[in-house]
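Take a look at the letters that make up each chain.
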Amino acid sequence: MKKFSVFLTFISIGFSAQIPTLTEEIATSLSEKPLHCINQEYPNKTAHVINNEIDVKLSPKELHPSFYGCFDWHSSVHGHWMLVKLLKDKPFLKNKEEIINILDGSFQPEKIKTEAEYFNKYQVAKGFERTYGWAWLLQLDAELASWENPQAKIWHKNLKPLTDEILNLWKDYLPKQTYPNRTGVHPNTAFALSFAIDWARATGEKDFENQLIEKAKYFYLKDEKTPAYLEPDGSDFFSPSLEIADLMTRILPQKEYIKWFNKFYEKRSLENISQLPIISDINDYQTVHLVGLSFTRSWCMKNIAKVLPENHRYKKHFEDTSAKFLENALPLVFKGNYGGDHWLASFAVYALSK
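Throughout this description, residue numbers start from 1 for each chain and increase along the sequence as written. Residue-level local features of this predicted model are given only where pLDDT is at least 70; pairs of side-chain atoms are given and counted only at 80 or more, and the full residue set underlies all totals for whole chains, interfaces and linings. The side-chain numbers reported here are obtained from all heavy atoms of the structure, hydrogens and water having been left aside.

### Remarks on the overall build of the protein
Here is the rule we go by: Helix and strand definitions follow DSSP, with helices as H or I runs of at least four residues and strands as E runs of at least two, each counted in order from the N terminus. Computation of the radius of gyration draws on C-alpha atoms alone. For the globule rule, the value is 2.2 Å times the number of residues to the power 0.38. Three exposure classes are used, based on accessible area relative to the maximum for each residue type with a 1.4 Å probe and protein chains only: buried under 20%, partly exposed in between, and exposed over 50%. Contacts between residues were defined by any pair of non-hydrogen atoms, one from each residue, lying within 4.5 Å. With residues, only the protein chains shown are counted as cover, and all accessible areas are computed by Shrake-Rupley using a 1.4 Å probe. The charged-residue count follows a simple rule in which Lys and Arg add positive charge and Asp and Glu add negative charge, with His and chain termini not counted at all. In plain terms, the charge of a residue is placed at NZ if it is Lys, CZ if Arg, CG if Asp and CD if Glu.
Helix and strand counts for the protein stand at 18 helices and zero strands. For the protein, whose C-alpha radius of gyration is 20 Å, the value lies close to the compact-globule estimate of 20 Å for 354 residues. Referenced to the eigenvectors of the C-alpha coordinate spread, the extents of the protein come out at roughly 55 × 50 × 40 Å. Residue burial in the protein is summarised as follows: out of 354 residues, 56% are buried. In the protein, once contacts between residues fewer than 6 apart in sequence are set aside, the share between residues at least 24 apart is 77%. Summed over its atoms, the accessible surface of the protein is roughly 15800 Å², and 52% of this surface lies on carbon and sulfur atoms. One way to put it: in the protein the 43 positive side-chain charges average out to a point 5 Å from where the 44 negative ones average out.

Here it is, written out as structure tokens:
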């Protein structure tokens, strides 16, 4: 507890005049969060549909031997992504060996095989974690695929059956998805499409990439005057409008993007989504989502700012506001309870890495 209080003091003093960065100290402190929960089975929100009396008796670990911890499957997946990312970018972390042992335990071939089989073994399981968990699984796969490390190559090979299963499920689902989900929580379509496009480009899946791009254009290309002045809902960790704006940076040339962006946002909407969310109870498992909202707003605004030209009236605003969100949210990762502990560090690392 003492090291966290020192760490938080460092943040409040050291970050007031500059954008937060992923230092060795911060990386080590953040890594403790998934390290403590990846093998913690309970409390657990399985999201498993119980089909019969036998299913009632199945434990989270029996259903998902690799990704049973961190309260729910998707949080475990992005907790694994975070540890891979930190090892890759910070190879001299003090707790490097502990991280390697945790990851090696999860990426065992038989465990991953069971994870992949889950989607066809149980009734209605094909929709499990669609598409939020799927997106993070592809993010994890891409991180391993791009790492020139002997151990990472083994882990990546072992993960392949699950990655292939997710890819097949997504390819089957995408043509059937008639409408986007514009929520600020897990089912958000724009977020998932962004991560899926990133993965497709990183791995050379050109056909899948083109399918994703066409679907994104179908969903969002004609959007205008988005009602972002109504954001957020009380448990949002995504800004529905910013996720769309971030996605479109991936698929439109700069000139087309600027025309689209200028029609997409009105002044009152931009002013609203630039306000820090109010966290009334950080110990509440839903209200704490609003801490994550600061992280996702930060990484979306930073990415959008990169695309906007120097003379655009919102470029500097997005850069400054992105830093404000990140600076505000980072200390909150170390407050609260398991409601935030099981997932917020991953969002912090992604935002810092951007």
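### A few points about the pattern of salt bridges
Any two side chains of opposite charge can pair if their charged atoms end up close together. Rule in force here: Between Lys or Arg on one side and Asp or Glu on the other, a salt bridge is scored when a side-chain nitrogen of the former is within 4 Å of a carboxyl oxygen of the latter.
What the rule picks out here adds up to 15 salt bridges. With its nearest N and O atoms 3.8 Å apart, the salt bridge here joins Glu143 to Lys85. One end of the pair, Glu143, is in helix α8 (residues 132–145); the other, Lys85, is in helix α5 (residues 73–89), with 58 residues separating them in the sequence. Close ionic contact of Lys153 with Glu148 constitutes a salt bridge, the shortest N to O distance being 3.2 Å. A single salt-bridge network, built from bridges that share partners, covers Lys85, Lys88, Asp89 and Glu143.

### Brief notes about the packing of helix α2 (residues 24–37) against helix α18 (residues 344–353)
Which entries qualify depends on this criterion: In this analysis, axes come from line fits to C-alpha atoms, helices being fitted only over the stretch in contact, and the angle between any two N-to-C directions falls in the range 0 to 180 degrees. Residues are grouped as follows: Ala, Val, Leu, Ile, Met, Phe, Trp, Tyr, Cys and Pro are nonpolar; Asp, Glu, Lys and Arg are charged; all remaining types, including Gly, are polar.
Where α2 contacts α18, the axes come no closer than 9 Å and their chain directions differ by 145°. Residues Ile26, Leu30, Lys33 and Pro34 of α2 pack against Ala345, Ala348, Val349 and Leu352 of α18. For the contact of α2 with α18, the per-class residue count stands at seven nonpolar, no polar and one charged.

### Details of unusual backbone geometry
Peptide bonds are, in most cases, trans, and in most cases residues other than glycine have a negative phi. Between Tyr42 and Pro43 the backbone carries a cis peptide bond, its omega angle lying at -5°. With respect to the helices and strands, Pro43 occurs in the loop between α2 and α3 (53–56). The omega angle of the peptide bond from Arg130 to Thr131 is -5°, so this bond is cis rather than trans. Looking at the element boundaries, Thr131 is found in the loop between α7 (109–121) and α8. Phi at Ala47 is positive, roughly 65°, even though this residue is not glycine. Assignment of secondary structure puts Ala47 in the loop between α2 and α3.

### Regarding the confidence of the model for the protein
To keep things clear, this is the line we draw: Looking at any residue, its pLDDT shows the predictor's confidence there, from 0 to 100.
Model confidence for the protein is summarised by a mean pLDDT of 95, while 95% of its residues fall at 70 or above. Summarising per-element confidence for the protein, the mean pLDDT is lowest in helix α1 (residues 2–14) (41) and highest in helix α12 (residues 240–249) (99). In this model residues 1–17 is a low-confidence stretch, pLDDT under 50, and it forms 21 contacts with partners more than four residues away in sequence or in other chains.

### Section: the packing of aromatic side chains
Rule in force here: Between the rings of Phe, Tyr and Trp (Trp by its six-membered ring), a pair exists once the centres lie within 6.5 Å; its type follows the angle of the planes, with under 30 degrees stacked, over 60 edge-to-face, and the other angles tilted. Charges are assigned to positions over rings by a cutoff of 6 Å between ring centre and Lys NZ or Arg CZ, combined with an angular limit of 35 degrees from the ring normal.
Within the structure shown, the criterion is met by 39 aromatic pairs. Cluster of aromatic residues (ring-pair linked, three or more members): Trp81, Tyr132, Trp136, Phe191, Phe195, Phe237, Phe238, Trp299, Trp343, Phe347 and Tyr350. Across from the ring centre of Tyr229, 3.6 Å away, lies the NZ or CZ of Arg268, which sits over that ring. Over the aromatic face of Phe325 sits the side chain of Lys324, whose NZ or CZ is 5.7 Å from the ring centroid.

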